[in-house]
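Overview (structure and organization)
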Amino acid sequence: PIQVGTRLSLVIDVSGSVSTSEYNLQMDGYGAAFRNATNQALIINGGGVAVNYVFFASTATTASVWTLLNDVT
């Protein structure tokens with residue numbers, strides 16, 4: 001196991017009531033958060049972050065394994 005400062009699950013609503021534009025808004029928001037210089041500094045200086053994403057509709061489904069982020073590349 002690798003030690004990280006934070007584990008973060010990104011939860012994405014893919015239910016039938018979510019339009020394409022609402023889905024894109026969710027994804028754009030997550031992308032903007034990771035591109036933010038302040039958040040990048042917190043990730044690097046805080047020991048990294050392990051991230052996965054979870055899609056949900058009527059039930060939750062983990063769609064990815066954990067990914068380690070510890071730099072800005």
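Provided above is the structure to which this section pertains.
A brief look at the structure comes next. (Residues numbered from 1 in each chain as written. Predicted model: local features only at pLDDT ≥ 70, side-chain atom pairs only at ≥ 80, totals over all residues. Heavy atoms only, no water.)

So, about the environment of Ile 2. Looking at where Ile 2 falls in the secondary structure, it is placed in the segment before β1 (6-13). Each C-alpha atom, one on Ile 2 and one on Ala 50, is 9.3 Å from the other, the two residues being 48 residues apart in sequence. (Helix = DSSP H or I, 4+ residues; strand = E, 2+ residues; numbered from the N terminus.)

This part covers the layout of surface pockets. Sizing a probe to match a water molecule and rolling it over the atoms shows the empty space that remains. The computed volume of the largest pocket comes to approximately 160 Å³. Lining the largest pocket we find Phe 34, Gln 40, Ile 43, Ile 44, Leu 68, Leu 69, Asn 70, Asp 71, Val 72 and Thr 73. Mapped by element, the contributors of at least two residues to the lining of the largest pocket are α2 (37-45) and β4 (67-69). Looking at which element gives the most residues to the lining of the largest pocket, the answer is α2, with three residues. Its residues placed into classes, the lining of the largest pocket shows six nonpolar, three polar and one charged. (1 Å grid on protein atoms, 1.4 Å probe; cavity = no way out; pocket = protein on both sides within 12 Å on 5 of 7 lines; lining within 4 Å. Points joined across faces, edges and corners; volume = space filled by probe spheres on them. Nonpolar A, V, L, I, M, F, W, Y, C, P; charged D, E, K, R; others polar.)

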